[in-house]
Amino acid sequence: MAKHNCTDCKIRSVAENFLSNDEFGSLESNSAEVSFKKGEIIIKQNALSLNVVYLRSGLVKIHMAGPAKEKILRLVKAPSYLGIPTTLGNKINNYSVTALQDTSVCFIDANFFKMLIAGNGQFASEIILELCKNELFDQQRTVNQEQKQLPGRIADTFLCMSERLFDNDEFEVPLSRNELADLIGTTRESLSRVLGQFCKENIISLDGKIMKIIDRPKLQQICDLG
DNA sequence: GCATTAACCACAG
DNA sequence: CTGTGGTTAATGC
């Protein structure tokens, strides 16, 4: 466990800005900084969880082995907490978190984390805010996935990646086609067909995993019409 | 009936 | 791992 210094951490969370010096001191002894390579599992479904995770840098997928197949619930980029719901809400992890890039995280002792929440209202408030935003995002996506047709869901997903994850019209899709299908809620084959359509209509261009949005208004229209 | 949508299957590169 | 073609089941004119 590398010795680290939370007080001087350059990428601490918004919530941590409300911690006192004493609380920072305790945070140092109750947390550990760890690096993960692309593809490594940070939180494992069905394993006992004693830690909350703070994602300092990198990109991860939150995913769950469902009754029939794998489902990707959400992609998360740093900075963000990971695993708060499943660590505080259940002894056993309900989902997995896997690194999509090389990442750096801090593991924080769950009991200590609960103590911070119980003892510091402003810290707790920021944590709740993050949890609320996540819940709203998940609800929106659940409804979209239930009610939009496939092209709409795919357009939605790419717009979301472009705007929220990469802030660019051109980006490298951080998932395989199969994973992408698991995220969108379809099959590899159906996804492939719609992507072919989008390319043919000059809405996007694809070179392997490099995706470029050419006609954003059209893509937005497909997303909106569902 | 007929068209549309999307999953399932098989196979090829 | 990915794309394609054929098939099939469900849904809606």
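Residues numbered from 1 in each chain as written. Chains lettered and ligands numbered in written order. Predicted model: local features only at pLDDT ≥ 70, side-chain atom pairs only at ≥ 80, totals over all residues. Heavy atoms only, no water.

Participant: What is the right way to read the protein's contact with DNA strand C from this model?
Facilitator: In the vicinity of DNA strand C, the contacting residues are Ser-176, Arg-177, Asn-178, Arg-188, Glu-189, Ser-192 and Arg-193. Within 4 Å of the protein, the atoms of DNA strand C are drawn from sugar and phosphate moieties in a proportion of 39%. The contact in question runs from a phosphate oxygen of DNA strand C to an N or O atom on the side chain of Arg-177, over 3.1 Å. The side chain of Arg-188 places a nitrogen or oxygen atom 2.8 Å from a base nitrogen of DNA strand C. Every element with two or more residues in the surface near DNA strand C is listed here: helix H6 (177-184) and helix H7 (188-200). (Near = heavy atom within 4 Å. Polar contact = N/O pair within 3.5 Å; in protein donor to acceptor, adjacent residues only side chain to side chain. Helix = DSSP H or I, 4+ residues; strand = E, 2+ residues; numbered from the N terminus.)

Participant: What am I meant to see in the sheet that holds strand E11 (residues 210-213) here?
Facilitator: Strand pairing within a sheet occurs via backbone hydrogen bonds; the two strands may be parallel or antiparallel. The strand order E9-E11-E10 describes an open sheet built from three strands, whose pairing is antiparallel. A single partner strand is all that each edge strand has here, and the edge strands are strand E9 (170-172) and strand E10 (204-207). With strand direction ignored, the average angle separating the axes of adjacent strands in the sheet is 15°. One ladder, built from three bridges, connects E9 with E11; its direction is antiparallel. If you follow Glu-172 over to E11, its bridge partner there is Ile-210. (Pairing = 2+ DSSP bridges. Axes fitted to C-alpha atoms, helices over the stretch in contact; angles between N-to-C directions.)

Participant: What should I look at first to understand the sheet that holds strand E1 (residues 31-36) in this one?
Facilitator: Spatial ordering of the open sheet is given by E1-E8-E3-E6, a layout of four strands whose pairing is antiparallel. Edge positions in the open sheet fall to E1 and strand E6 (80-82), since each of these has one partner strand only. Direction aside, neighbouring strands of the sheet carry axes that sit 30° apart on average. Across three bridges, the pairing between strand E3 (residues 51-57) and E6 is antiparallel. If you follow Tyr-54 over to E6, its bridge partner there is Tyr-81. The sheet contacts of helix H3 (residues 110-119) involve E3, E6 and strand E8 (103-109), and relative to E8 the element is tilted by about 75°. (Contact = heavy atoms within 4.5 Å.)

Participant: Honestly, the protein's contact with DNA strand B in this entry has me stumped. Any pointers?
Facilitator: Around DNA strand B, the structure places Gln-149, Leu-150, Pro-151, Gly-185, Thr-186, Thr-187, Glu-189, Ser-190 and Arg-193. Each atom of DNA strand B within 4 Å of the protein was assigned to sugar, phosphate or base; sugar and phosphate come to 59%. Interatomic distance of 2.6 Å between a backbone N/O atom of Leu-150 and a phosphate oxygen of DNA strand B. Thr-186 has a polar side-chain atom sitting 2.8 Å from a phosphate oxygen of DNA strand B. At the level of secondary structure, the elements contributing two or more residues to the surface near DNA strand B comprise helix H5 (150-166) and H7. Counting residues per element, the surface near DNA strand B draws most heavily on H7, which supplies three residues.

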